[in-house]
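This is what each chain is made of:
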Amino acid sequence: MRQAEHGQTTAGKAVVDLNADMGESFGAWTMGNDAALMPLISSANIACGFHAGDPSTVRATVNLAAAQGVAIGAHPGLPDLQGFGRRTMSITPDEAYELVLYQAGALSAFAQAAGSQLHHVKAHGALYNMAAKDRALSKAMAHAVKDLGRGVKMYVLAGSLMEEEARLAGLQVRCEVFADRRYMPDGTLTPRSRPDALISDESESVAHVLRMVNQGHLIAVDGSKVPVSADTLCIHGDKATALPFVRALREALSLARVEVRAH
């Protein structure tokens, strides 16, 4: 992992973007409470139909984000509705490029129709984790984002190969950290198969966030200190405790004089 710096600052004040995965309902299946969560975040990663979502859900979620002034992002995933895009697949770099360009292109069209524009691309689930450790996949996905044009940003796992390749492609990069996930000593996310992968205690999660945003490091599962850059913070909105947690987090960030906005 590269040596990271603190996130963005404005006149000495820390700035962090709060992003959440949105639009993951499909057909008659409803997931998350997007309408309630949207006013509390600054950018939305909207599912594009491969791991979750459908055209009607995409349109409604894009319109909701546009109405709330929330930055609109594409959330492309593997073609795996049944596994919610969290199962690893063997794909080539060309296939990774096509998956990202196809899904993000569709999302961009919906954003344009809503009178807005695509702000960023953030890969979902297994595709995100695969790319973080695979240079060829990262390079292909970064070039897909670049080919979207119009200065679309790429959200990447802080300190990963995905960050390196996005920067090499000349993209505007936003390094992402996770409020409710524990990390391995190499800076990668603890696999969900492990019982300690998720942080369920609200106070622990808030302390974890403030450490990353204000101190520029995290504490890995083995107790080691890992440098990290926290430009954007992911909130998982599909949990029952999401709303009270995000409200508590916003209050803690305000008290710590951290400004919340997309950038």
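First, a word on scope: everything that follows refers to the structure included in this document. (Residues numbered from 1 in each chain as written. Predicted model: local features only at pLDDT ≥ 70, side-chain atom pairs only at ≥ 80, totals over all residues. Heavy atoms only, no water.)

## Regarding the packing of aromatic side chains
For the structure shown, the criterion picks out three aromatic pairs. An angle of 50° between the planes, with centres 5.7 Å apart, marks the rings of phenylalanine 50 and tyrosine 102 as tilted. One end of the pair, phenylalanine 50, is in the loop between β3 (43-47) and α2 (55-68); the other, tyrosine 102, is in helix α3 (residues 93-113), with 52 residues separating them in the sequence. Note on tyrosine 102: relative accessible area 59%, which makes it exposed. Between tyrosine 128 and phenylalanine 178, the aromatic rings sit 5.9 Å apart at their centres with planes inclined by 85°, giving edge-to-face as the arrangement. Of this pair, tyrosine 128 sits in helix α4 (residues 125-133) while phenylalanine 178 sits in strand β7 (residues 173-178); the two residues are 50 residues apart in sequence, bridging distant segments of the chain. This pair shows no difference in class: tyrosine 128 is buried, exactly as phenylalanine 178 is. Sitting above the plane of the tyrosine 128 ring, lysine 122 keeps its charged end 5.9 Å from the centroid. (Phe/Tyr/Trp six-rings, centres within 6.5 Å; stacked < 30°, edge-to-face > 60°. Helix = DSSP H or I, 4+ residues; strand = E, 2+ residues; numbered from the N terminus. Buried < 20%, exposed > 50% of the residue type's maximum accessible area, 1.4 Å probe, protein only. Lys NZ or Arg CZ within 6 Å of the ring centre and 35° of its normal.)

## Some remarks on the nonpolar core
General note: in soluble globular proteins, nonpolar side chains tend to be found buried as a group. Core analysis: the biggest nonpolar cluster contains 78 residues, and Leu107, Val121, Met154, Leu233 and Leu249 have the highest contact counts within it. When sequence neighbours within four positions are dropped, the list of residues in contact with methionine 154 reads Val121, Met141, Ala142, Val145, Met162, Ala166, Leu171, Gln172, Val173 and Arg174. (Core = buried A, V, L, I, M, F, W, Y, C linked by side-chain atoms within 4.5 Å. Contact = heavy atoms within 4.5 Å.)

## What about the pattern of salt bridges?
Within this structure, the stated rule accounts for nine salt bridges. Salt-bridge contacts for aspartate 196 lead to arginine 194; the nearest nitrogen and oxygen are separated by 2.8 Å. For aspartate 196, a relative accessible area of 24% translates into the label partly exposed. Linking arginine 261 and glutamate 259 is a salt bridge whose minimum nitrogen-to-oxygen distance equals 3.0 Å. Each of Asp21, Lys122 and Glu176 takes part in one network of salt bridges that share partners. (Salt bridge = Lys/Arg side-chain N within 4 Å of Asp/Glu carboxyl O.)

Structural measurements only, silent on function.
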